[in-house]
Amino acid sequence: MDAPVYYSRAEYIETDTGNKVSRRATIAGPQNIILGGKTVIASGAIIRGDLRRTGPGHAVVISLGRYCLIGEGCVMRPPYKTYRGNFNYYPMKIGDHVHVGSGSIVEAATIGNHVEIGKNCIIGKFTIIKDCAKIADNTVIPPNTVVPALALFAGSPGRFVEDLPESTQEMVEAHTKGFYTRFQPATTER
C-alpha cells in the first residue's frame, strides 16, 4: 500500500458525494458541470463550465464520472467550432476512473472509462478517447483524433505506440480508487 497523500482541510472542499475540490481550482460555471462522485480536483485546475452553447438546451457543459483525478494546473474546456456561420461550444463527457496528469489541456468531446492522460498533454478539440486508453506524458493529440480502446498513444503529434494489456481496466481502477483512499486530510497542520 502506498503512503497517504495528505492535504489541508482548509484547502479542499468536500461535497456530499465525496468530491474533493481545491479552493485554488477555478470552477467557472459550476451549474453547468456534473461531478459523478469521489472525484479529486487539484489546485490550479481550471474547469470551464461557463463556455456553453448559446440558445436553449445543452445546459450540461462538462460531465465527469466517478473516481476522476484532475491534476494540478489542468485546463478542461469544452470543444468549439463554427458551423454554418454560428460559433458554438459542444459538451464534454468524461467517464469513470479517468486520471488527467498535471499541466494537461483537454478539449476532448468524449473520454471513456479507465483512461490515463499523462502530464503536460494537449488533447485537441473533439478528440474521442475510448475506454482503457493511455496517453503518455507530453503527448499532443491533434483535433478530431479517435484513440482506440486499449491503445497507448505518445509523441507530438500523438500516434499509436502499442496495445495495452486486457488488465488495464483493473489496474487503472485500482490506481484511481487507491489514490482517492490515500488522499486524506492532514490531522495536524504542519
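Cut-off values and rules
Residues numbered from 1 in each chain as written. Predicted model: local features only at pLDDT ≥ 70, side-chain atom pairs only at ≥ 80, totals over all residues. Heavy atoms only, no water. Helix = DSSP H or I, 4+ residues; strand = E, 2+ residues; numbered from the N terminus. Expected span 1.5 Å × (residues − 1). Buried < 20%, exposed > 50% of the residue type's maximum accessible area, 1.4 Å probe, protein only. Pairing = 2+ DSSP bridges. Contact = heavy atoms within 4.5 Å. 1 Å grid on protein atoms, 1.4 Å probe; cavity = no way out; pocket = protein on both sides within 12 Å on 5 of 7 lines; lining within 4 Å. Points joined across faces, edges and corners; volume = space filled by probe spheres on them. Nonpolar A, V, L, I, M, F, W, Y, C, P; charged D, E, K, R; others polar.

A. Helix α1 (residues 168-182), seen in detail. Over its 15 residues, α1 extends 21 Å from the first C-alpha to the last, a length consistent with the 21 Å expected when each residue adds 1.5 Å. Taken together, the buried positions of α1 are Thr168, Val172, Thr176, Gly178, Phe179, Tyr180 and Arg182.

B. Region of the structure containing the sheet that holds strand β24 (residues 159-163). Spatially, the nine strands line up as an open sheet ordered β2-β3-β6-β9-β14-β17-β20-β23-β24, and their pairing is mixed. Of all strands in the sheet, those with a lone pairing partner are β2 (12-14) and β24, marking the two edges. Of the strand pairs in this sheet, strand β14 (residues 99-100) and strand β17 (residues 116-117) are connected by two bridges, and their pairing is parallel. Bridged to histidine 99 within β17 is glutamate 116.

C. Seen up close, the side chain of serine 22. Assignment of secondary structure puts serine 22 in strand β3 (residues 20-22). Classification of serine 22 as buried rests on a relative accessible area of 2%. Setting aside residues no more than four positions away along its own chain, serine 22 makes contact with Glu11, Tyr12, Ile41, Ala42 and Ser43.

D. Geometry of the environment of alanine 42. Within the secondary structure, alanine 42 is located in the loop between β6 (40-41) and β7 (46-48). As a C-alpha pair, alanine 42 and glutamate 72 span 30 residues in sequence and 4.9 Å in three-dimensional space. Leaving out residues up to four positions away in the same chain, alanine 42 has contacts with Tyr12, Ser22, Ala25, Ile70, Gly71 and Glu72.

E. Up close: the layout of surface pockets. What the largest pocket holds in volume is close to 410 Å³. For the lining of the largest pocket, the secondary structure elements donating two or more residues are β9 (69-70), β17, β20 (134-135) and α1. The residue inventory of the lining of the largest pocket, partitioned by class, reads ten nonpolar, seven polar and six charged.

F. Representation of the pairing of strand β12 (residues 86-89) within the structure. Looking at chain direction, strand β11 (residues 80-83) and β12 are connected through four bridges and run antiparallel. By the bridge assignment, lysine 81 is partnered in β12 with asparagine 88. Joining the antiparallel neighbours β11 and β12 is a turn of two residues, in which arginine 84 adopts a positive phi near 55°.

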